[in-house]
Amino acid sequence: MLRLLDEPGGQEVVVADWVVAAGWNAAGAAVHILAGVSFALMTEKLREKGIARNAIAKQTIFRGAEIFGMGLLFRVQEFALGYPWSPWTDLLRVDVLNILGLSMVLMGVLCWATGEGGAAEARVRTLVAAIFVAVTVAMVTPPLWTTHRPKFLPWPLESYIDGVHIFEEPQPWLFPLFPWSAFAFAGLAVAFFLFLDFARRREGLAFAALGGAGIVACYLSVLFDSSRVRLYAVYDYWHSNPDFLLMRGGILLLILFLVYAWCRWGMAQKGFSPIIQLGNTSLLVYWVHIEFVYGRFSILPKGQCSALKATAGLIAIFLAMLALSLARTTWKKWRVRALQKNPAATAAPAGS
């Protein structure tokens, strides 16, 4: 599970090709969905502690702003590492962390607006509201990318809406609020569904229901795409259409169920689990792996890899990030033990 909130500071084709392409594109969607899940976990944790609604909103919105700031700092880092070849406009490029931060701010506002009253009622209200926002974002994305683009805005601001950057048209490799924030709100809805009393009593059945919903979503995506009915003037399945969002979301729900099965009944019950380990340090792993996969220190030549070489690169980066994650958690444990052995070291800052 993502720990964005817990660490302070810190592609026409047959159905099989649809699934392969959607799964590849789903990586960015997975980050946003898990951010929504993580956000819900933190909100629920604070509610169980009896913290007031306004205080919860303040803490979670501030964390979203912090992630947004990290996104800006990440762009500065990438610009510096790419200097002098990087154009200055890269500093204003919309990337994953930027939108994660803004999405978290918006989710904080939503949870505040729906969080009044009892916890059970608040969960249901937040669940319904999150689904509504996710669907709305998905439905308005195609016109915002085509016929109703906010061209009156300066490109750095418009890019947060449609990912236009410095180009004439929106770029599918960027991460604007539309449609990517929809995945964050979908993750928020998934998490609050799992917090319902029914899901707590029948956890396995609840996760199986999510997996079944994923299968239905994938089927509906293919069904709607093959339909002659078109809701929008410009139809772009692979980038902005809600049908593709359904496919990506469906695949991710299936993956979520499989991960749950692995952790509940699989090898994770017998000891070490790489999935859990990477989740514990997800922000660090994300930050570092970007440079070795896409950046100046890429371990493989871009656009020149066979399937075998790309697979080898994937395994290498997975193992390297797993080692980094283990080093991070080991260092944290060592630091905690050291502080416990020397209580004076923890008391000194308080008295200074």
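The rules behind the values
- Residues numbered from 1 in each chain as written.
- Predicted model: local features only at pLDDT ≥ 70, side-chain atom pairs only at ≥ 80, totals over all residues.
- Heavy atoms only, no water.
- Axes fitted to C-alpha atoms, helices over the stretch in contact; angles between N-to-C directions.
- Helix = DSSP H or I, 4+ residues; strand = E, 2+ residues; numbered from the N terminus.
- Parallel < 35°, antiparallel > 145°, perpendicular 65-115°, else oblique.
- Left-handed = near helix turned anticlockwise from the far one by under 90°.
- Contact = heavy atoms within 4.5 Å.
- Nonpolar A, V, L, I, M, F, W, Y, C, P; charged D, E, K, R; others polar.
- pLDDT = per-residue confidence, 0-100.
- Buried < 20%, exposed > 50% of the residue type's maximum accessible area, 1.4 Å probe, protein only.
- Patch = residues over 30% accessible without salt bridge, like charges linked within 9 Å, V, L, I, M, F, W, Y side chains within 5 Å.
- Areas by Shrake-Rupley, 256 points an atom, 1.4 Å probe, with all protein chains shown as cover.
- Salt bridge = Lys/Arg side-chain N within 4 Å of Asp/Glu carboxyl O.
- Core = buried A, V, L, I, M, F, W, Y, C linked by side-chain atoms within 4.5 Å.
- Phe/Tyr/Trp six-rings, centres within 6.5 Å; stacked < 30°, edge-to-face > 60°.

1. Quick look at the packing of helix H3 (residues 96-114) against helix H6 (residues 177-194)
When two helices pack together, their arrangement is captured by the angle between the axes and the distance separating the axes.
Now for step 1: The geometry of H3 relative to H6 is characterised by a closest axis approach of 10 Å and an angle of 50° between their N-to-C directions. When the axes of H3 and H6 are compared, the pair comes out oblique. The interaxial crossing formed by H3 with H6 has right-handed handedness. The segment H3 lies against H6, with Ile-99, Leu-102, Ser-103, Leu-106, Met-107, Leu-110 and Cys-111 engaging Leu-177, Trp-180, Ser-181, Ala-184, Phe-185, Leu-188 and Phe-192.
Now for step 2: Residue classes in the contact of H3 with H6 are distributed as twelve nonpolar, two polar and no charged.

2. Some details on the confidence of the model for the protein chain
Now for step 1: When pLDDT is averaged across the protein chain, the result is 84; 88% of the residues are at 70 or more.
Now for step 2: Confidence, expressed as mean pLDDT per element, reaches its minimum in the protein chain at helix H13 (residues 343-351) with 51 and its maximum at helix H5 (residues 155-162) with 96.
Now for step 3: Here residues 1-25 is a poorly scored stretch, pLDDT under 50, and it has 64 contacts once near neighbours within four places are set aside; other chains count.

3. Digging into H5
Now for step 1: Where H5 is concerned, the buried positions are Glu-158, Ser-159, Tyr-160, Ile-161 and Asp-162.
Now for step 2: Backbone geometry just downstream of H5 places Gly-163 in the positive-phi region, at approximately 70°.

4. A few points about the environment of Leu-253
Now for step 1: With respect to the helices, strands and loops of the structure, Leu-253 is situated in helix H9 (residues 242-265).
Now for step 2: You can call Leu-253 buried: its relative accessible area is 17%.
Now for step 3: Separated by 223 residues in sequence, Leu-253 and Ala-30 place their C-alpha atoms 9.5 Å apart.
Now for step 4: Excluding anything up to four places from it in sequence, Leu-253 contacts Val-190, Leu-210, Gly-211, Ala-213 and Gly-214.

5. Structural notes on a nonpolar patch on the surface
Now for step 1: A cluster of nonpolar side chains, contributed by Ile-131, Val-135, Met-139, Val-140, Val-229 and Leu-231, occupies part of the molecular surface with about 530 Å² of accessible area.
Now for step 2: Tracing the chain through its elements places Met-139 in helix H4 (residues 119-145).
Now for step 3: Overall, Met-139 belongs to the partly exposed group, its relative accessible area being 36%.

6. A short note on the nonpolar core
Now for step 1: Membership of the largest hydrophobic core comes to 56 residues, with the highest contact counts inside it found for Ile-67, Leu-97, Ile-99, Met-107, Leu-188, Phe-192 and Leu-210.
Now for step 2: Core analysis: the second largest hydrophobic core is formed by seven residues, Trp-238, Phe-244, Met-247 and Ile-251 among them.

7. A closer look at unusual backbone geometry
Now for step 1: Cis geometry is adopted by the peptide bond preceding Pro-84, which originates at Tyr-83 and carries an omega value of 10°.
Now for step 2: Phe-178 connects to Pro-179 through a cis peptide bond whose omega is 15°.
Now for step 3: Mapped onto the fold, Pro-179 is located in helix H6.
Now for step 4: In this model, His-165 sits at a positive phi of 55°, which is unusual for a non-glycine residue.
Now for step 5: With respect to the helices and strands, the residue His-165 is situated in the loop between H5 and H6.
Now for step 6: Its relative accessible area of 3% is what places His-165 among the buried residues.

8. Quick word on the packing of H4 against H6
Now for step 1: Closest axis-to-axis distance for the H4/H6 pair is 8 Å, and the angle between their directions is 160°. For the element pair H4 / H6, the angle class is roughly antiparallel. Handedness of the H4/H6 crossing: left-handed.
Now for step 2: Classifying every residue of the contact of H4 with H6 gives 20 nonpolar, three polar and one charged.

9. Describing the packing of aromatic side chains
Now for step 1: Within the structure shown, the criterion is met by 14 aromatic pairs.
Now for step 2: Centroid distance Trp-180 to Phe-183: 5.6 Å. Interplanar angle 40°. Geometry classified as tilted. Taken together, the residues Trp-180 and Phe-183, both in helix H6 and three residues apart, mark about one turn of the helix.
Now for step 3: Ring centres 4.0 Å apart and planes at 5° place the aromatic pair Phe-207 and Tyr-260 in the stacked group. A residue pair is termed long-range when its members are at least 10 positions apart, and Phe-207 in helix H8 (residues 203-226) and Tyr-260 in helix H9 qualify at 53 residues.

10. Quick word on the environment of Gly-118
Now for step 1: Within the secondary structure layout, Gly-118 lies in the loop between H3 and H4.
Now for step 2: When its relative accessible area of 34% is taken as the criterion, Gly-118 is described as partly exposed.
Now for step 3: Taking the C-alpha atoms as reference points, Gly-118 and Arg-47, separated by 71 residues in sequence, lie 9.9 Å from one another.

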